[in-house]
Amino acid sequence: MVMEEGDQRDRGRATPLDGRQIFVELAEQNFDAICLSTYRTACKLRFIQKRCNLHLIDIYNVIEAVRDAGLNAVELNASISVTRLENLVSSLFNQLSKRLPTTHTIAPQESTVLLVEFILAAIDSEPDGRLTVLSVKAILATLCGGKLVDKLRYVFSQVSDSTGGLVQSKFDSFLREALKLPTALHEGPSFGYTPTLARSCFPQQRVMLNMFLDMVSDPPQCLVWLPLMHRLANVEHVYHPVSCSYCRGNGMTGFRYRCLRCRGYQLCQNCFWRGNASGSHSNQHQMKEHSSWKSPASKLGRALSRTLGCVSSREPPHPIYPEEPERTLNLANIVYAPAAHADTHCTAQNILTLTAEEILAEIKRLRAEHDAACQLSPEKGSSTNPTLLAELRLLRQRKDELEQRMSSLQESRRELMVQLEGLMKLLKDEEQRQAAQAAGSSHASPSRPSPSTVRSVGAASPHAHMYHPQDSLAGVGGDVQEAFAQENESRIRT
Ligand SMILES: [Zn+2]
Ligand SMILES: [Zn+2]
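Residues numbered from 1 in each chain as written. Chains lettered and ligands numbered in written order. Predicted model: local features only at pLDDT ≥ 70, side-chain atom pairs only at ≥ 80, totals over all residues. Heavy atoms only, no water.

K.L.:
I'd like to hear about the overall build of the protein, residue by residue, with values.
P.N.:
Broken down by element type, the protein carries 22 helices and five strands. The burial tally for the protein puts 46% of its 494 residues in the buried class. A sequence separation of at least 24 residues applies to 71% of the contacts in the protein between residues at least 6 apart. Carbon and sulfur atoms make up 53% of the accessible area of the protein, which totals about 25,300 Å². (Helix = DSSP H or I, 4+ residues; strand = E, 2+ residues; numbered from the N terminus. Buried < 20%, exposed > 50% of the residue type's maximum accessible area, 1.4 Å probe, protein only. Contact = heavy atoms within 4.5 Å. Areas by Shrake-Rupley, 256 points an atom, 1.4 Å probe, with all protein chains shown as cover.)

Okay, here's the thing in structure tokens:
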């Protein structure tokens, strides 16, 4: 995770007495001078995100906090108290504070107050707004940092059914909550909720995960500000060594806009968003948005910038994920639980495994690039190049942070494994109880199994016989596999 500017300024500030302090600070930014509603909304949300330090929190942190708060198995529509929200948000920031290197500190209590106040304001932005489990999940998932594609995968897990298809009514409820964010920032006229939105986003009969994730590059109109907020974050530190044709600033940071009609006419993002134009150029001219500065840099330089997060536009917008829900997911439905939501422990474990693999791959890649850089730099005489050295330092820091995160992930994975094991035992016991019951009443109604038998995995449905749990348990602890093995034996015996 990369620290952003402004953290220095925020540190040490006393908790504001006025709960709506964040809106006062937002107004001071004068974002309302931006004419383009999408950019205006994205800028406002990015400000809120950074001011609350939510940009340092990713969806996996949110999943952990929701789980720790015991909300993962609670009905999405259930109301929750403000105290419970405060506890969840406070644990989110306390955990963040522990993860951050000692050189970067945050004030968890201040972040908690600001974020809770903002969430409550968002809920209040709609008449009869009610704070529900879904509100909390939708708002945190939309506003947190990390990768957009990971956030959307989580959202999809909340709005899809057990066959991996989008459920329109659930997506509609998600939109209703997520669009409270722009509404709270007075952007409701452009991005407010209407009951026909969900259907217009996905008119197709059946929407699977990858189609849903396409909104990373091709978002529906009501959510255009979301990928833009992530792009804003990605270009925040991109520097273009050219001056703006309007404000004549010395170089520009962020997006750069080039007029396709007036030769050499370029605007910084502040001027373009506010509709500034000079000379023969008009703000009706078509402009091209640039998120990087291409100079005749060496291949090494490009490799480094890729590592630092500037993704080339030629890469696919998101990886392709398997659309059939994984078999291990089904375990959640087998166990007798009050509700079987997709973010139960098993899913969290899957996601964590994926992330661990991704992180390992990235560490490997960083090492390779670092080694390459070390070999190249003496030949090129650039070992004293301060920019390169700074980049290398950043690389090393990022590697350390990734490794730290990796070890904390492994810890939670171990924890999840223990819980999975417990669930397996429960399942086994239930199975034996069912078997004993079935043996006792097998003559009563042979053609009509009781409802409880239908729900049991041990029932003699063809699916149950074709199901080989061991296949999907590669990599899990021996005890868990053993639990499955015993469970199968007992099934054969009955
Ligand atoms: Zn300018
Ligand atoms: Zn022009």
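K.L.:
Hey, could you go over the side chain of R67 for me, with residue numbers and the actual values?
P.N.:
In this structure, R67 sits in helix α4 (residues 59–68). Look at R67 and you get buried, because its relative accessible area is 12%.

K.L.:
Tell me about the coordination of the zinc ion (ligand 2), and name the residues and values.
P.N.:
Here the zinc ion (ligand 2) is held by C259 (SG), C262 (SG), H281 (ND1) and H285 (ND1), and the distances to it run 1.9 to 2.3 Å. Each donor residue of the zinc ion (ligand 2) lies on one chain, and together they are spaced C-x2-C-x18-H-x3-H. Taken together, the residues C262 in the loop between β3 (256–259) and β4 (266–268) and H281 in the loop between α15 (269–273) and β5 (287–290) connect sequence positions 19 residues apart. When sorted by exposure, C262 lands in the same class as H281, which is buried. (Donors = N, O, S within 2.8 Å, 3.2 Å for Na, K, Ca; no water.)

K.L.:
Tell me about the confidence of the model for the protein, and name the residues and values.
P.N.:
Across the protein, the average pLDDT comes to 77, with 69% of residues at 70 or higher. Here residues 327–353 scores under 50 on pLDDT; set against residues more than four positions off or in separate chains, the count is 58 contacts. In the predicted structure, residues 377–382 sits below a pLDDT of 50 and forms five contacts with residues beyond four places in sequence or in another chain. (pLDDT = per-residue confidence, 0-100.)

K.L.:
Talk me through the coordination of the zinc ion (ligand 1); I want residue IDs and the actual numbers.
P.N.:
For a metal with four donors in a tetrahedral arrangement, the ideal angle between donors is 109.5 degrees, while six donors in an octahedron ideally sit at 90 or 180 degrees. Surrounding the zinc ion (ligand 1) are the protein donor atoms C244 (SG), C247 (SG), C268 (SG) and C271 (SG), which sit 2.3 Å from the metal. In this structure, the zinc ion (ligand 1) is coordinated by four donor atoms arranged in tetrahedral fashion, with angles at the metal of 102 to 114°. Taken in chain order, the donor set of the zinc ion (ligand 1) reads C-x2-C-x20-C-x2-C. Of the two residues, C247 sits in the loop between β1 (239–240) and β2 (252–253) while C271 sits in helix α15, which places them 24 residues apart along the sequence. By relative accessible area, C247 is classed as partly exposed at 43%. Taking relative accessible area as the criterion, C271 reaches 4% and is therefore assigned buried. (Tetrahedral: all angles 85-135°; square planar, octahedral: opposite > 155°, others 65-115°.)

K.L.:
Now, about the pattern of salt bridges: what can you tell me, with residues and values included?
P.N.:
All told, the structure shown has 16 salt bridges when counted by the stated rule. In this structure, a network of salt bridges that share partners links the residues D32, R40, K44 and E187. (Salt bridge = Lys/Arg side-chain N within 4 Å of Asp/Glu carboxyl O.)

K.L.:
A description of unusual backbone geometry should follow, citing residues and the corresponding values.
P.N.:
Among all residues except glycine, the phi angle is most often negative; among peptide bonds, the trans geometry is most common. Positive phi is not limited to glycine here, since N30 has a value of about 55°. If you trace the backbone, N30 turns up in the loop between α2 (21–28) and α3 (37–51). Notably, H186 is not glycine yet its phi reads approximately 65°, a positive angle. Counting through the fold element by element, H186 comes out in the loop between α10 (180–184) and α11 (188–191).

K.L.:
Any details on the packing of aromatic side chains? Residues and values, ideally.
P.N.:
Summed over the entire model, instances satisfying the criterion amount to 10 aromatic pairs. Between F171 and F212 the ring centres are 5.7 Å apart and the planes differ by 85°, which places this aromatic pair in the edge-to-face class. One end of the pair, F171, is in helix α9 (residues 168–178); the other, F212, is in helix α13 (residues 209–213), with 41 residues separating them in the sequence. For F171, a relative accessible area of 0% translates into the label buried. Relative to F272, the ring of Y257 lies with its centre 4.1 Å away and its plane at 20°, an arrangement referred to as stacked. Residue Y257 is found in strand β3, and its partner F272 is found in helix α15; the two are separated by 15 residues along the sequence. Using a relative accessible area of 22% as the deciding quantity, one classes F272 as partly exposed. Linked through ring pairs, F156, F171, F174, F202 and F212 together constitute an aromatic cluster. Sitting above the plane of the Y321 ring, R153 keeps its charged end 4.1 Å from the centroid. (Phe/Tyr/Trp six-rings, centres within 6.5 Å; stacked < 30°, edge-to-face > 60°. Lys NZ or Arg CZ within 6 Å of the ring centre and 35° of its normal.)

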